[in-house]
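Understanding the architecture of this molecule
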Amino acid sequence: MTSSRIAGGTGIRPRRIAAAVLAAIAAVAGVGALSGFHQQLREIDPQGPDVASEVASAEIIGIRTFTAPAGIDVQADLEYGTREDGTLLTLDVCSPPADALVPTRPAVLSIHGGSWARGDKANADWRNTCLWLASEGFVAASVNYRLVPDVRFPAAIEDVALAVEWLRSAEQVERFGIDPARIGAFGGSAGGNLAALLGTTGEGPLDEGARVAAVAELSGPVGLTAADLDADGATPWLRGIVGDYLDCEPGASVEVCPQSADASPATHVDPSDPPVFIGHAEQEVVPIGQSTRFASALTAAGVPVELAIVPGGEHSIGILDAALRGRVAAFLHTYLG
């Protein structure tokens, strides 16, 4: 991992388009049948039911098919930091039932989606995600972070990095029985971008600071440069939310909008990154090329990666049904123990 700095001691590495990423683009040419899904799909309605959740449907799908067992403890609205403008940063912790035979547990930071502009840690879908992770034996921390338009990149990644450091602090390790060497990140949609960015930025051992030991992300827009969006045939809607997040004109070049590379996890891939699970639906609002290129970049760098492409057009935790939950949980157990 090359060096980088952001507030809190982790940081966004200086931009570099690694040879591995270039190799990845070439490698993806062989999966054109998948990356060719560029349809103008149902877009998330900012005035609709997905104001609270990025799952733009009232159907019982994805994470909504999970029913939490009894015994999970939820501690809500715990303060993990305060920003200079007075913004209070909070998260919810979902803990498995106490077990004297399990003195410490791995932890997973759960990062909601919502175009970096809306969503909440405690909406019904993300609370259910927190409960599901706890049911799998993880101490799950569902995090809120600052949103557009009040802030722009890199505020959100600075916040979630601070949340990892908070979980790893001696006080929280003792309070929740966390193993500080086994902290992972899970996110969907914009939260998938942030989880992946946690994994691919920073430097040093994966058990220090804001480093994470495993990443699982669903439907993340992980390539935010104009070249990435052009390769995907991205819709004006997607270009618009990326532009708002980066505070750039939609589709601006890296020279004009350098933060488009800084905010793209694939820009930072190198062999020291943690294992990554990537889930994506074949025909959803975020083009599948985002995930296939990211998976190829990780593979080219020698980073363990599991790519799960599922049928249909649901998005983020809308694809997190029982089958995919089993795959994600098995991945996290493999790399977090």
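Structure report, in brief.

What counts as what
All chains use their own residue numbering, which begins from 1 and follows the written sequence. Only residues with pLDDT of at least 70 get local features here, since the model is predicted, and only at 80 or more are side-chain atom pairs given and counted; chain-wide, interface and lining totals rely on the full set of residues. With hydrogens and water excluded, all non-hydrogen atoms of the structure serve as input to the side-chain values. Under the scheme used here, helices are H or I runs from DSSP no shorter than 4 residues and strands are E runs no shorter than 2 residues, and both carry numbers assigned from the N terminus. Per-residue accessibility, obtained with a 1.4 Å probe over protein chains only, is compared with the maximum for each type, and a residue is labelled buried under 20%, exposed over 50%, and partly exposed between these values. The contact criterion used is simple: two residues touch if any of their non-hydrogen atoms lie within 4.5 Å. The accessible surface values rely on the Shrake-Rupley method and a 1.4 Å probe; as for residues, cover is taken only from the protein chains in view. Throughout, a disulfide means two cysteine sulfur atoms within 2.5 Å of one another. Side-chain rings of Phe, Tyr and Trp, where Trp is taken by its six-membered ring, are said to pair if the distance between their centres is within 6.5 Å; with planes under 30 degrees apart they count as stacked, over 60 as edge-to-face, and otherwise as tilted. We call two N or O atoms a polar contact when they sit within 3.5 Å, provided that within protein one can donate a hydrogen and the other can accept it, with sequence-adjacent residues counted only if both atoms are side-chain atoms. Only strands joined by at least two bridges in the DSSP assignment are considered to pair. Axis angles are defined between N-to-C directions and span 0 to 180 degrees, where every axis is a line fitted to C-alpha atoms and, for a helix, only to the segment in contact.

Of the regular secondary structure elements, the protein chain holds 11 helices and 8 strands. Within the span of the protein chain, comprising 337 residues, buried residues form 60% of the whole. Excluding contacts between residues fewer than 6 apart, the proportion of contacts in the protein chain whose partners are at least 24 apart in sequence is 77%. Element-wise, carbon and sulfur atoms account for 55% of the exposed surface of the protein chain, whose accessible area totals about 12200 Å².

Bringing the state of the cysteines into the picture now. In total, this model carries 2 disulfides according to the counting rule given. In this model, Cys94 is linked to Cys130 through a disulfide, with the two sulfur atoms separated by 2.1 Å. Taking the sign of the S-S torsion, 120° for the link of Cys94 and Cys130, the bridge is right-handed. Note that Cys94 is positioned in strand E2 (residues 88–95) and Cys130 in helix H3 (residues 124–135), a separation of 36 residues in sequence.

Before going further, it helps to spend a moment on the packing of aromatic side chains. Scanning the entire structure with this criterion turns up 7 aromatic pairs. Between Trp116 and Tyr245 the ring centres are 4.1 Å apart and the planes differ by 5°, which places this aromatic pair in the stacked class. Placement of the pair is Trp116 in the loop between strand E3 (105–111) and H3 and Tyr245 in helix H8 (residues 236–246), with a sequence separation of 129 residues. Both residues of the pair, Trp116 and Tyr245, belong to the buried class.

This paragraph deals with the side chain of Ser219. Tracing the chain through its elements places Ser219 in the loop between strand E6 (214–218) and helix H7 (226–232). Of the polar contacts made by the side chain of Ser219, one reaches the side chain of Glu284; its length is 2.7 Å. In this structure the side chain of Ser219 is engaged in a polar contact, spanning 2.8 Å, whose partner is the backbone nitrogen of Ser316. Each residue touching Ser219, except ones within four places of it in the same chain, is listed here: Ser189, Gly279, His280, Glu284, Val286, His315, Ser316 and Ile319.

Right, let's get into the sheet that holds strand E1 (residues 73–82). Across the sheet, 8 strands lie side by side as E1-E2-E4-E3-E5-E6-E7-E8; this open sheet has mixed pairing. Two strands lie at the open edges of the sheet, namely E1 and strand E8 (305–310), each paired on one side alone. Pairwise comparison of adjacent strand axes, ignoring direction, gives a mean angle of 20° for this sheet. Strand direction decides the pairing type here: strand E7 (residues 276–281) and E8, joined by 6 bridges, are parallel. Bridged to Val276 within E8 is Val305. Along the sheet face, helix H10 (residues 289–300) touches E6, E7 and E8 and points at about 160° away from the line of E7.

Let us look at the side chain of Asp232. Relative to the elements of secondary structure, Asp232 occurs in helix H7. Engagement of the side chain of Asp232 in a polar contact is seen with the side chain of Gln290, the distance being 2.7 Å.

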